[in-house]
Amino acid sequence: MKCFPVPDTRNIDLGVSVGTRLTIRLPDDFHHHCRDGLKTKTVLQHACLRVGRCLMMPNTNPPITTTEMALEYKQHILRSMPD
């Protein structure tokens, strides 16, 4: 789920030789804590401005210990995504 358009930076002169620059226009976050409750929406608003995809790491109280709890947390995250 992409949260914002990726800017085109190919024509910006950064003062480096052609072929020596690596541009990561929209990185992935492979360890992202969304928290729980009302904090989730705020955390996701900030994350969507900075990354394209996240692997969510639950940081909840109580901890997620069953498949059912994990599926409920997934739905909570999806409902909390910015419009």
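This is a predicted model, so every value here is computed, not measured.

(A) Representation of the overall build of the protein chain. A count of helices and strands for the protein chain gives two helices and two strands. Secondary structure elements of the protein chain occur, N-terminal to C-terminal, as β-α-β-α. A burial count over the protein chain gives 17% of its 83 residues as buried. The long-range share in the protein chain, meaning contacts at least 24 apart out of those at least 6 apart in sequence, stands at 57%.

(B) Expanded view of the pairing of strand β1 (residues 28-32). Where β1 and strand β2 (residues 53-56) come together, three bridges link them in parallel fashion. Residue pairing in the sheet places His-32 in a bridge with Met-56 of β2. Between the parallel pair β1 and β2, the chain is carried across by helix α1 (residues 39-48), and the sense of this crossover is right-handed.

Conventions adopted
Residues numbered from 1 in each chain as written. Predicted model: local features only at pLDDT ≥ 70, side-chain atom pairs only at ≥ 80, totals over all residues. Heavy atoms only, no water. Helix = DSSP H or I, 4+ residues; strand = E, 2+ residues; numbered from the N terminus. Buried < 20%, exposed > 50% of the residue type's maximum accessible area, 1.4 Å probe, protein only. Contact = heavy atoms within 4.5 Å. Pairing = 2+ DSSP bridges. Right-handed = clockwise from strand over helix to strand, strands pointing away.

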